[in-house]
Amino acid sequence: MCGIVGIVGERSLGAPEGSLEPLVAELRHRGPDACGIWASAGVALGHTRLSIIDLSDTGCQPMHGASGRWTLVYNGEVYNYVELREQLRDRGHEFRGGSDTEVVLAALIEWGESALERFNGMWALALWDAERQELFVSRDRAGKKPLYYTSLPDGAFAFSSEITPLLMLGAKISIDRQAAFDFLTQGTYGHLEGRTFFDGIQQLPAAHCARIRPGGQLFVRRYWDLPSVPPADRLRYDDTFRRQFRDLMTDAVRMRLRSDVPVGATLSGGLDSSTIVLLVDELTGGAPFHVFTSLYPGTKHDETRYFDAVVDVMRNPIVHRAQPDDSRWREDLLRVLRHQEEPFGDTSILAHFTLMRAAREAKVPVVLSGQGGDELLLGYPSMVTAYLGSQLAGGRASALREMWHWAPVVGMARTTALRNMLGAALPINARDRIRQRFVQRMAERVTSPLRDNVSFRRFMADDRDPLSSYLRQVFTRFSIPHLTHYDDRNAMAFSIEGRMPFLDVRLVELMFSVESKALFADGFTKRVLRDSFSELLPPSVRARRDKVGFYTPMAAWLTTHASWVSEVMSRERLEAVGVLVPEWYAGRLAKLSVGGTEAALDVWRGFIFHLWADRFGVTADRTRRSSPNWAA
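Reading the values: rules and limits
- Residues numbered from 1 in each chain as written.
- Predicted model: local features only at pLDDT ≥ 70, side-chain atom pairs only at ≥ 80, totals over all residues.
- Heavy atoms only, no water.
- Helix = DSSP H or I, 4+ residues; strand = E, 2+ residues; numbered from the N terminus.
- Rg over C-alpha atoms; globule rule 2.2 N^0.38 Å.
- Buried < 20%, exposed > 50% of the residue type's maximum accessible area, 1.4 Å probe, protein only.
- Contact = heavy atoms within 4.5 Å.
- Areas by Shrake-Rupley, 256 points an atom, 1.4 Å probe, with all protein chains shown as cover.
- Lys, Arg positive; Asp, Glu negative; His and termini not counted.
- Charge placed at Lys NZ, Arg CZ, Asp CG, Glu CD.
- Pairing = 2+ DSSP bridges.
- Axes fitted to C-alpha atoms, helices over the stretch in contact; angles between N-to-C directions.
- Parallel < 35°, antiparallel > 145°, perpendicular 65-115°, else oblique.
- Left-handed = near helix turned anticlockwise from the far one by under 90°.
- Nonpolar A, V, L, I, M, F, W, Y, C, P; charged D, E, K, R; others polar.
- Expected span 1.5 Å × (residues − 1).
- Arc of directions from axis to C-beta.
- Patch = residues over 30% accessible without salt bridge, like charges linked within 9 Å, V, L, I, M, F, W, Y side chains within 5 Å.
- Salt bridge = Lys/Arg side-chain N within 4 Å of Asp/Glu carboxyl O.
- Polar contact = N/O pair within 3.5 Å; in protein donor to acceptor, adjacent residues only side chain to side chain.

Colleague: Describe in detail the overall build of the chain, supporting the description with residues and values.
Modeller: Per the secondary structure count, the chain includes 26 helices and 21 strands. For 632 residues, the compact-globule estimate of 2.2 N^0.38 gives 26 Å, and the chain sits close to it at 24 Å. Considered along the principal axes of its C-alpha atoms, the chain spans approximately 70 × 60 × 50 Å. Put simply, the chain has 632 residues, and 59% of those count as buried. Residue pairs at least 24 apart in sequence account for 71% of intrachain contacts in the chain once pairs closer than 6 positions are excluded. Accessible surface, the chain as shown: approximately 24100 Å² in total, 49% of it carbon and sulfur. Within the chain, one finds 77 positive and 76 negative side-chain charges whose respective centroids are separated by 4 Å.

Colleague: Just give me the short version of the pairing of strand 9 (residues 157–160), but keep the residues and values in it.
Modeller: Consecutive side chains of a regular strand alternate in pointing toward one face of the sheet and then the other. Going residue by residue along strand 9, you find F157 and F159 tucked away on one face and A158 and S160 tucked away on the opposite face as well. From the end of strand 8 (residues 148–151) to the start of strand 9, which pair antiparallel, there are 5 residues, and G155 there has a positive phi angle of about 95°.

Colleague: Provide a residue-level description of the packing of helix 12 (residues 381–393) against helix 13 (residues 398–409), including the pertinent values.
Modeller: Two elements in contact, helix 12 and helix 13, have axes whose closest approach is 9 Å; the angle formed by their N-to-C orientations is 160°. With respect to helix 13, the axis of helix 12 lies roughly antiparallel. Crossing hand, helix 12 versus helix 13: left-handed. Between helix 12 and helix 13, the contacting residues are P381, V384, T385, L388, Q391 and L392 on the first element and A399, L400, E402, M403 and W406 on the second. Within the contact of helix 12 with helix 13, the residues separate by chemical class into 8 nonpolar, 2 polar and 1 charged.

Colleague: Run through helix 13, naming residues and quoting values.
Modeller: Compared with an ideal rise of 1.5 Å per residue, which puts 12 residues at 16 Å, helix 13 spans 18 Å between its outermost C-alpha atoms and is within 8% of the ideal. Those residues of helix 13 lying buried are A399, E402, M403, W406 and A407. Projection of helix 13 onto a plane perpendicular to its axis shows the buried side chains occupying an angular sector of 120°, all on one side. Residues of helix 13 that are exposed and point more than 90 degrees away from the buried face comprise R401 and H405. Lining the buried residues of helix 13 we find helix 12, helix 14 (414–425) and strand 20 (520–521). G411 sits one or two residues past helix 13 and shows a positive phi near 80°.

Colleague: Break down the sheet that holds strand 3 (residues 43–49) for me, citing the residues and quoting the values.
Modeller: Taken in spatial order, the 6 strands of this open sheet run 2-3-1-9-8-12, and their pairing is antiparallel. Edge positions in the open sheet fall to strand 2 (34–40) and strand 12 (202–203), since each of these has one partner strand only. Two elements, strand 2 and strand 3, share 7 bridges in a ladder whose sense is antiparallel. Across the sheet, residue A34 finds its bridge partner in strand 3, namely R49.

Colleague: So what about a nonpolar patch on the surface? Which residues, and what values?
Modeller: Taken together, the side chains of L400, L418 and L422 define a hydrophobic patch exposed on the protein surface, amounting to about 210 Å² of accessible area. The topology assignment puts L422 in helix 14. For L422, a relative accessible area of 40% gives the class partly exposed.

Colleague: Which residues make up the side chain of S138, and what values do they have?
Modeller: Mapped onto the elements of the fold, S138 is located in strand 7 (residues 134–139). Here S138 falls in the buried class, since its relative accessible area comes to 0%. Side chain to side chain, S138 and W123 meet in a polar contact 3.0 Å long. With residues near it in sequence (within four places) discarded, S138 still touches L116, W123, A124, L125, L147, L204, H208, C209 and Y223.

None of this, on its own, says anything about what the molecule does.
Rendered as structure tokens:
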């Protein structure tokens, strides 16, 4: 796991090593073990290395092919590198060491762009072709590893694993108005589909690659997409499918244990993380294994009994407990924001940040997680109501009865569940009209200059099958891009490599090809996971139906730090940024101050957005400070 940066164009001439050194230094938290800079006519590439596989110097980058034509900088892990290396050896390739980087380079040389189809893992890479004077860049299918780019004032093309190095190069930026609008009105994230919160800086979308020539021409294409299988052609949910799912899930975990440094995992006691750590216990024969958790005993969000049930089954668990420290909340929040580089949706990201810090303190540089399981297996209540609505729309009246019994078990009011379910049962054009009216109401909180220059139709359905459309957007536009973004940034802040077995491409393609019976039945989500691992999971975990996630006391934190929130959200500052209506925000602050916890999310979004704007010195126009301000 690493950091990469580069420039293509005239700026790369002259003294490129000196110009890249501060950019590489800015990325050292992503790779503290080694760094390298290479330059030639028209290009300069930089790399920082976190040594995970093959700790010797043979894995250092930038890495050159034997002919001298190709040079690679690469961030990520291609987990099936062992199998690919054998295929490449059969084709005459020789390897100096054991790193996956050598395999990635050889695969790109051997198969060209089609090598991406063979990779199973996470990556952001840049390959320079000296013969064609062309840069090839690519990003993994789920967007686990980031790749940002911009055009510099002199016409050069620059890319980086993070945004700050591009700001250091003098990229002209302001607030991306559409990203700001989507976040403040609907909670969606500006880095989706290639956008960032910075107008002037883009991100290569997940599952895309591009070619760049020194003149600055950029040719982008999608190299992979989710399967689109009509309901009548989907795989049957039967014993054969359950065996296939179990085998693939087991192999996804097995491959993500490949490492030359210690490996651990986060564990909440939920189905997803529990399955992963118990599979690790099974695959390693009960070898000592680090687990990291954040629990809140005595609260309604307490998962201690489920966590304990899993740990009791493990043979040699090494348990690390960590919680956000209220006394350092301000300090931690600023640090998280500095690494996230964009506003984020809620304070649960601080809990995850705390776990990554604990992993670094325990000297465990690789951490597995259950992230992606909810998105793949219908784990969220909102996904269940969407599913039941689609069943109702298809003429299955029993879906109403299922909703009636399911909703109270997961803590959702039946009226809320019914309303959401009926909304999901409507024809797509009716749902789009309702959503547009909702967005119009939410738009009252933002200033008219912003409101008049954005689209209200950003997230409409894109498929004739409502459920398929919804699940595809969860994967490509909402949850998955959000969680991969924050997971990478929090982990890399502490030089940790985060691995997500549920996002194995084989599992993703399988689950988007099976009938919905695999997802929900008899009031239980994640049916295939419960059924396939019924003997592995403790009964209490297998039977649980609540959804907790990374809990944090958001409303309490905002109330405790009300003076700081008010300082950041003063009328003067709101007017300077030019996005939120000051009177509307003052009303939400007043609501929260008298115990109206339902206002906490609105308060948080406004606060984190303006804290970000203040620290990065951006407004809705084309002005910004020369450098971010991180004074507390």
